[in-house]
Structure formats: C-alpha cells, structure tokens
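# Results of the structural survey
If you want the building blocks of each chain, they are given just below.
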2 protein chains.
Amino acid sequence: MTQMMKGILDGCLLAIINENEVYGYELAVKLERYGFDSISEGTIYPLLIRMQKEKLVTSTYKKSTAGPKRKYYSLTDKGEEELASFIKRWEYLQINVTNVLNDETKP
Amino acid sequence: MTQMMKGILDGCLLAIINENEVYGYELAVKLERYGFDSISEGTIYPLLIRMQKEKLVTSTYKKSTAGPKRKYYSLTDKGEEELASFIKRWEYLQINVTNVLNDETKP
DNA sequence: CATGAGTACCTTGCATTACAAGGTACTTAA
DNA sequence: TTAAGTACCTTGTAATGCAAGGTACTCATG
C-alpha cells in the first residue's frame, strides 16, 4: 500500500487544503477517515514543508484552544494549478490501469 | 507521472503476464499501447528480475524468429495471489482518492 | 501543584523503485 | 558487410513514504 501512495498523496493533500484552511495534524486525521490508515505525521509534515518550498501552499500560525499553536495551510494560485494538473494525471492513470486489469484479467 | 507509477507498475505487469506468457520487450510495447508512454526497458527488466526473485514469476528462454532469444515470463501460484491482492489494493486506493477529490474539490 | 492525556509540531535515517544512460548481441535485408 | 530492428541487461540517481524519536503546549484530575 505504501508504495502506491507515492506521488498520489501530495495531490490528495492539495485537494483537502483546497476548500478550507487546514493544519497538519488535522490532515492526518482526515486522511485516516478517508481510509488512508497508514499515513503518519512523519509523512505529512515533510510533504507540507516541501510543498511550501515549491510555493504551492502558504501557512500561518493560529492559537489553539487545546494544545500548541496550529500551522494552517492554504493553496496558492500555483497550488490550484498543480491540483488541476494532478487530477488530470490521476484520471489518466486510473483509466489506463483499469484498462490493463480488465483486458488482461477478464479476457 | 513517474512518481505515481511506484507500486502500481508491478501489478500491471502481473496482470499482463497473467493471461499469456510474455517477454520483457513485448511488455514495454504493450504498456506503451495502454498509454504508459514513459515506461522504459530500464524500468521493466529490473522489475521482472525482482519479481522472479520473489517467486511471483518464472521464465524460460525461447528462440525468436527475429533477434536474440526471448525470455518468456509466466505467473506462479504466488504471483496469482499477489495479483489478486494488488487488484484489491488498487480498488481500495481508487475509491479513497476519488472520495477525497470529489468531497474536497466539488463541495 | 504535579502528573498524565491529548494535541500539535518537527527531524533523522532507511528502504523502495522508476528511469536515464549506456552496453551487449542476435537476425535479416539491402 | 553494414544497418536496422529486436531483445536483453546494468549502473547510478532522485524521489518520497514511513518508523522512530523528540519537543512543547493545554487542561483535567488527583
């Protein structure tokens, strides 16, 4: 499972950040609810930092009612473009893999 | 695109090998026709060797009508199990990613 | 007030793996 | 005999998910 996530997870993060500002810990919780059980914080935080370096997201700290300050992320214009591009790549991949599996395993 | 293939390509290879014996060069051609333009032989051969080490496939050399001997691969029982397992993982991934994209980008 | 649970962030090091680039060698036709 | 097409393989590099480990804040409980 873990290998399959490579290159897909960042697109999912962009998608989640797209609608609302979110913070890293929240992302971990949301992803888990979506069924990605195994995505740990050790994966998410480096990814967010990388995406910020690439100017796909920006961040601001806000106080929390319970616990340390939260680092909220939101998409830049470039991030929105990257999300759109990811969706296209994902759809393309999905179609191709589905074709292979259908053609070759149900002849 | 290339990152998204990690962990997916080997399942596709298993699927293609599943029905008919195929050789490496043929796999490259088939994948290209399925839309995976960028999958080069430098990717496929190491993967086949790895899968053989893991006893997912076996291979036999046969003469070719044009060119050097071909190394034909076929699935072992373990390979068939792995293919079935891959299909489940893929379907699971597909559903989850689709949910994220739908929920978060079309609210 | 001290302690623990829950929240929230981050770093280091490792393993996996797709690919570019480069190499070998066989067959057939010009 | 030369070129084109077929067919195999290896080396080195880059990307990236994750386990493990660490820091620090808030609040309720004893």
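Look a little higher up for the structure.
Described in the following lines is the structure provided in the data block. Just so you know, these numbers come straight off a predicted model, no measurement behind them.

Attention shifts here to the sheet that holds strand β2 (residues 57–62) of chain A. Residues and elements named next belong to chain A. Taken together, three strands build an open sheet; the order of strands is β1-β3-β2 and the sheet is antiparallel. One side of each edge strand has no neighbouring strand; the edge strands of this open sheet are β1 (22–23) and β2. Bridge analysis of β1 against strand β3 (residues 70–75) gives two bridges, and the strand direction is antiparallel. Its bridge partner lying in β3, V22 is registered against Y73. Packing of helix α2 (residues 9–19) onto the sheet brings it into contact with β1, β2 and β3, and relative to β3 it is tilted by some 95 degrees.

So, on to the environment of T65 of chain B. Mapping T65 of chain B onto the fold places it in the loop between β2 (57–62) and β3 (70–75). When the C-alpha atoms of T65 of chain B and E81 of chain B are compared, they prove to be 33 Å apart, with 16 residues separating the residues in sequence.

The next point concerns the interface of chain A and chain B. Across the boundary between the two partners, chain A contributes 35 residues, which contact 35 residues of chain B. At the surface where chain A touches chain B, the tally comes to zero salt bridges. Taken together, chain A and chain B are joined by four residue pairs in polar contact (both at pLDDT 80 or more). Looking at the side of chain A that touches chain B, the elements with two or more residues in it are α1 (2–5), α2 and α5 (77–105) of chain A. With 17 residues, the single largest contributor to the side of chain A that touches chain B is α5 of chain A.

Rules and cut-offs
Residues numbered from 1 in each chain as written. Chains lettered and ligands numbered in written order. Predicted model: local features only at pLDDT ≥ 70, side-chain atom pairs only at ≥ 80, totals over all residues. Heavy atoms only, no water. Pairing = 2+ DSSP bridges. Helix = DSSP H or I, 4+ residues; strand = E, 2+ residues; numbered from the N terminus. Contact = heavy atoms within 4.5 Å. Axes fitted to C-alpha atoms, helices over the stretch in contact; angles between N-to-C directions. Salt bridge = Lys/Arg side-chain N within 4 Å of Asp/Glu carboxyl O. Polar contact = N/O pair within 3.5 Å; in protein donor to acceptor, adjacent residues only side chain to side chain.

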